[in-house]
Amino acid sequence: MPVKSNTQIIYKEMPQGYPDASRTFEIRKGTIIIEDVVLKTDEILVRTIYAAVDPYLRCFMRDPSIESKIIPAMLNGDVMYGCTISEVIKSNNTEYTVGDLVESFSNWEEYSIISPGTFQAAALRKMQNARNSSYPISYHLGLFGFPGLAAYVGLHKIGEPLTPGQTLFVSNAAGAIGQLVGQYGKILGLRVVGSAGNDEKVNYLLKDLGFDAAFNYKKHKDFDAILKQTCPDGIDIYFDNVGGKMLDAAINNCNDHARIPLCGMISQYNRPSEMEPIHNMFIVLGKKIRLEGFVVNEEAERYGEEFGETFTKYLIEGKLKYQEHIFNGIETLPEAFAGLFHGKNFGKVVVKIADL
């Protein structure tokens, strides 16, 4: 019987500041004999095809004594996990057959057993007609996954009214979520301004995605000044992916009744003991600003169908583009994750682990 590689990415130790590919993770080589795997009732064995690499996973990497109902802490020695696309290769579950493609929140390993009652099973979903799709399967981790849903939910649940001509500012605008927020904002008739971490990304926002204005935040230490320049009529909607000083500056430049969907805080994930404060909350009161966070997976039931239909329509019409940054091989997962926090990615980061 053939022996197959089953490499795993192990969470080795809690990062002190930024994650490091070699210190935070261990690449553990292993093997598996598919024929020898015995599945319990309702279990499936999957082969991982793609793994998403997302900044929010850094929030799992903390002291386990810090409790959270939303984000459980990882333990040293755990197999790292995240959103994946996999192929069922063995099944003892009547809902799944060999060859099915599934999405899940599962382990970073080449082969994985998904058992009932686990968080992996709770997120398990069969992908219908994915093999015959006209767009890349990896889009289900980005444009049609949580990043796309986050863009849609943030704008509609918190950003409304989406009045044509109003100004939408998006931070981390060339990232997995920001690029969709900006494009969808343009489709809805908003004036869209974005920030990004290098000139290549800024040019992409302006020339490829049609943003009205964009700036390299690393070249402008005075965020308040650059926002006054690029948003001369003030900010009506700020889609926040970074938090910290950029959020502070955006609040300063908000108009009355502005809306701020809080989607991510990537500038703060690596400084848990010294997070940057917001200094101008009185402006939120005085200008009657709506400032609200959301957890995207909690919104899937309400918004999932309309989001999928809307973004599929605009993708087919050529009004939406999606930039991916694809790494190849499971061994590249630590490098891909660590690079997120230094702006090395361009678009949605996905690791291709196997061919279909």
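Peer 1: Now, about the nonpolar core: what can you tell me, with residues and values included?
Peer 2: Nonpolar side chains in soluble globular proteins tend to be buried together. Residues Trp-108, Phe-169, Leu-227, Tyr-238, Leu-333 and Phe-337 are the most contacted members of the largest nonpolar core, which totals 59 residues. If sequence neighbours within four positions are ignored, Tyr-238 has contacts with Phe-169, Ser-171, Met-246, Leu-247, Ala-250, Arg-259, Ile-260 and Pro-261. By size, the runner-up hydrophobic cluster in this structure holds 41 residues, among which are Ala-150, Leu-205, Phe-239 and Leu-320.

Peer 1: Report on the side chain of Thr-24, specifying residues and quantitative values.
Peer 2: Structurally, the position occupied by Thr-24 is in helix H1 (residues 21-24). A residue is classified by how much of its surface remains accessible, and Thr-24, at 2% relative accessible area, is buried. When near neighbours in sequence (up to four residues on either side) are disregarded, Thr-24 contacts Ile-10, Tyr-11, Lys-12, Glu-13, Pro-15, Pro-19 and Met-61.

Peer 1: An account of the side chain of Ser-171 is requested, with residue identities and associated values reported.
Peer 2: Along the polypeptide, Ser-171 turns up in the loop between strand E10 (167-170) and helix H4 (178-187). Contact partners of Ser-171, with chain neighbours within four places excluded, come to Ser-195, Tyr-238, Phe-239, Asp-240, Asn-241, Val-242 and Met-246.

Peer 1: How would you summarise the sheet that holds strand E15 (residues 290-293) if you had to cite specific residues and measurements?
Peer 2: What the six strands build is an open sheet, ordered E12-E11-E10-E13-E14-E15; its pairing is parallel. Pairing within the sheet leaves two strands with one partner each, and these edge strands are strand E12 (213-216) and E15. The sheet shows a mean angle of 15 degrees between the axes of neighbouring strands, direction not considered. Examined bridge by bridge, strand E14 (residues 254-262) and E15 share four bridges and lie parallel to one another. The partner of Pro-261 across the bridge, within E15, is Glu-292. The strands that helix H6 (residues 223-230) touches are E10, strand E11 (191-196), E12 and strand E13 (235-239); relative to E12, the one it contacts most, it runs at about 160 degrees.

So, how was this worked out
- Residues numbered from 1 in each chain as written.
- Predicted model: local features only at pLDDT ≥ 70, side-chain atom pairs only at ≥ 80, totals over all residues.
- Heavy atoms only, no water.
- Core = buried A, V, L, I, M, F, W, Y, C linked by side-chain atoms within 4.5 Å.
- Buried < 20%, exposed > 50% of the residue type's maximum accessible area, 1.4 Å probe, protein only.
- Contact = heavy atoms within 4.5 Å.
- Helix = DSSP H or I, 4+ residues; strand = E, 2+ residues; numbered from the N terminus.
- Pairing = 2+ DSSP bridges.
- Axes fitted to C-alpha atoms, helices over the stretch in contact; angles between N-to-C directions.

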